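Each chain, written out:
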Amino acid sequence: MRIFSGIQPTGRKHLGNYIGAIRQYVAGQERAADGESIYCIVDLHALSVAYDPAELRERLYDTTAILIAAGLDPGRCVLFRQSDVREHTELTWLLSAVTAHGDLNRMTQFKDKSAKQRELVSAALFLYPVLQAADVLAYKADEVPVGDDQRQHVELMREIARRFNERFAPDTPILVEPEHRIPEIGGRVMDLQDPTMKMSTTGGTGQGTVLVLDPEDVVRKKVMSAVTDSGSEVVRGTGKEGIGNLIEVLSVIREVEPEAIEHEFEGFGYGDFKRAVADGVVDYLAPVRERYDQLRADEDELEAILAGGAEKARAIAAPTVAEVRDAMGVGPPRG
Ligand code: AQP
């Protein structure tokens, strides 16, 4: 079984990224054989919206350090920077030939993000899901751990693999149709100030977005000021999206079912409950932040880790791209 996932180096990573994705990456490293869990920091995806080049490099190091601080071991998984492995961009073009324009037009992330662009809606933003498909398909990954917002993109990459195989490799399929792995609880952590939208780097509210690197007092403040409802019961349900979100966050952190949290807080008010959530989130993120500070200080070491990861990644991706080129009749015939 091979696992692949990518994470953007945009902004600072938040609790939604951590619970929906990063936590799963570390679990994947434990489940897969050494070298079979592959994680990519997708700097090329970050170019699809307005960005600052110098900041992109800084955030890339931030993200690398967060992932290692969270528990990824570059000796056991493959951790690399997307742009270091040129096969991703070549495969994007090849796969764009079997991607329906209409499918890309239907992507909700494109619709959401294009509506927010002030100056330019780039073709890169439109092609984003094809690059994402190339990321995964180059490694013939079986499983893609992601948050719920990526469900549609994983469906599309399956469709692209299917269409490629049908058209160019009908007898012996070359590409693997991957399965998403979306956590049942925590797959969509909501913004604490507006629990009708997901916690997000670009779309959410600052106060409603807990960053992995937020200091303890900031985390507490954000959780304690989370929007709730006018009731008092710590249960999930219609009209209780804010409390429901906090229940799910605590259930993930405590590794128990949400019902157990509801049961534990029967008869308690929102203030007590929020304090427990704040304590839980602070304790959950504190070790990551401590390790992060040490790791982030040594950029040469981070570069060395990424370079080592890229070499391992290329050794897997290059043969796939060679197969795809050959099947599509691109370049000289393979010997
Ligand atoms: N709120 C969320 N709850 C659970 N999982 C989430 N993810 C993102 N938001 C939530 C998952 O985190 C992984 C990495 O995401 P990303 O940073 O590469 O980009 P994204 O999906 O576009 O998420 P962001 O952080 O919210 O960025 P913007 O604002 O640019 O959209 C993915 O697996 C994602 O599902």
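Bear in mind that the values here come from a model prediction, so they are computed numbers and not experimental data. (Residues numbered from 1 in each chain as written. Predicted model: local features only at pLDDT ≥ 70, side-chain atom pairs only at ≥ 80, totals over all residues. Heavy atoms only, no water.)

Of the positions making up helix H4 (residues 87-96), those classed as buried are Glu87, His88, Leu91, Thr92, Leu94 and Leu95. Against strand S1 (3-7), strand S2 (37-41), strand S3 (78-81), helix H7 (123-137), helix H8 (151-168) and helix H13 (299-328) lie the buried residues of H4. (Buried < 20%, exposed > 50% of the residue type's maximum accessible area, 1.4 Å probe, protein only. Helix = DSSP H or I, 4+ residues; strand = E, 2+ residues; numbered from the N terminus. Contact = heavy atoms within 4.5 Å.)

Glancing now at unusual backbone geometry. Although it is not a glycine, Lys140 sits at a positive phi angle of roughly 50 degrees. With respect to the helices and strands, Lys140 occurs in the loop between H7 and strand S4 (143-145). Backbone geometry at Glu255 places phi at a positive 55 degrees, although glycine is not the residue there. With respect to the helices and strands, the residue Glu255 is situated in the loop between helix H10 (241-254) and helix H11 (258-264).

Under the defined criterion, the tally for this structure stands at eight aromatic pairs. A ring pair is formed by Phe4 and Tyr139, whose centres lie 5.1 Å apart and whose planes are at 20 degrees; its orientation type is stacked. Pair noted here: Phe4 is in strand S1 and Tyr139 is in the loop between H7 and S4, with a separation of 135 residues, a long-range link. Tyr139 matches Phe4 in its accessibility class, with the two residues each being buried. By way of ring pairs, the aromatic residues Phe4, Phe80 and Tyr139 are connected into one cluster. (Phe/Tyr/Trp six-rings, centres within 6.5 Å; stacked < 30°, edge-to-face > 60°.)

One way to put it is that H7 packs onto H8 with a least axis distance of 9 Å and a crossing angle of 70 degrees. Classified by the angle between their axes, H7 and H8 sit roughly perpendicular to one another. Relative to H8, the crossing made by H7 is right-handed. The segment H7 lies against H8, with Tyr128, Pro129, Gln132, Ala133, Val136 and Leu137 engaging His153, Leu156, Met157, Ile160 and Ala161. Partitioned by chemical class, the residues of the contact of H7 with H8 number nine nonpolar, two polar and no charged. (Axes fitted to C-alpha atoms, helices over the stretch in contact; angles between N-to-C directions. Parallel < 35°, antiparallel > 145°, perpendicular 65-115°, else oblique. Left-handed = near helix turned anticlockwise from the far one by under 90°. Nonpolar A, V, L, I, M, F, W, Y, C, P; charged D, E, K, R; others polar.)

The next thing to look at is the site of the ligand. As a structural note, the neighbourhood of the ligand is formed by 23 residues, with Lys13, Asp149, Ser200, Thr201 and Thr202 the closest of them. Here an oxygen atom of the ligand and a side-chain polar atom of Asp149 are 2.4 Å apart. In this structure, Lys198 approaches the ligand through a side-chain N or O atom, which is 2.8 Å from an oxygen atom. Protein contacts shield 96% of the accessible area of the ligand, which totals 630 Å² for the unbound molecule. (Near = heavy atom within 4 Å. Polar contact = N/O pair within 3.5 Å; in protein donor to acceptor, adjacent residues only side chain to side chain. Areas by Shrake-Rupley, 256 points an atom, 1.4 Å probe, with all protein chains shown as cover.)

Note on placement: Lys13 falls in the loop between S1 and helix H1 (15-31). The buried charged residue Lys13 lacks any salt bridge, with Asp62 as its nearest oppositely charged partner at 9.7 Å. A distance of 2.7 Å separates a polar atom in the side chain of Lys13 from the backbone oxygen of Gln8. When residues no more than four places from it in sequence are discounted, the contact partners of Lys13 are Ile7, Gln8, Thr63, Ile66, Leu211 and Val212. (Lys, Arg positive; Asp, Glu negative; His and termini not counted. Salt bridge = Lys/Arg side-chain N within 4 Å of Asp/Glu carboxyl O.)

Right, let's talk about the pairing of S3 for a bit. Side-chain alternation along S3 places Val78 and Phe80 on one buried face and Leu79 and Arg81 on a second face that is also buried. Sheet topology note: the S2/S3 ladder contains four bridges and is parallel. By the bridge assignment, Tyr39 is partnered in S3 with Leu79. (Pairing = 2+ DSSP bridges.)

Below, the discussion takes up empty space enclosed by the protein. Rolling a probe over the atoms, with the probe sized like a water molecule, indicates the empty space that remains. This structure, assessed with the given rule, holds one cavity of 30 Å³ or more. By volume, the largest cavity is sized at about 30 Å³. As for the largest cavity, its lining consists of Gln109, Phe110, Leu125, Tyr128, Pro129 and His153. Secondary-structure elements contributing two or more residues to the lining of the largest cavity are helix H6 (108-116) and H7. The dominant element in the lining of the largest cavity, judged by the number of residues it contributes, is H7, at three residues. (1 Å grid on protein atoms, 1.4 Å probe; cavity = no way out; pocket = protein on both sides within 12 Å on 5 of 7 lines; lining within 4 Å. Points joined across faces, edges and corners; volume = space filled by probe spheres on them.)

Turning our eyes to something else, we now look at the layout of surface pockets. Empty space within the second largest pocket amounts to approximately 340 Å³. What lines the second largest pocket is a set of 14 residues, among which Arg23, Ile185, Ser251, Val252 and Glu255 lie closest to the centre. At the level of secondary structure, the elements contributing two or more residues to the lining of the second largest pocket comprise H1 and H10. The residue inventory of the lining of the second largest pocket, partitioned by class, reads nine nonpolar, one polar and four charged. Each of domain 1 (3-181 + 299-328) and domain 2 (216-294) accounts for three or more of the residues forming the lining of the second largest pocket. (Domains from an automatic or database assignment.)

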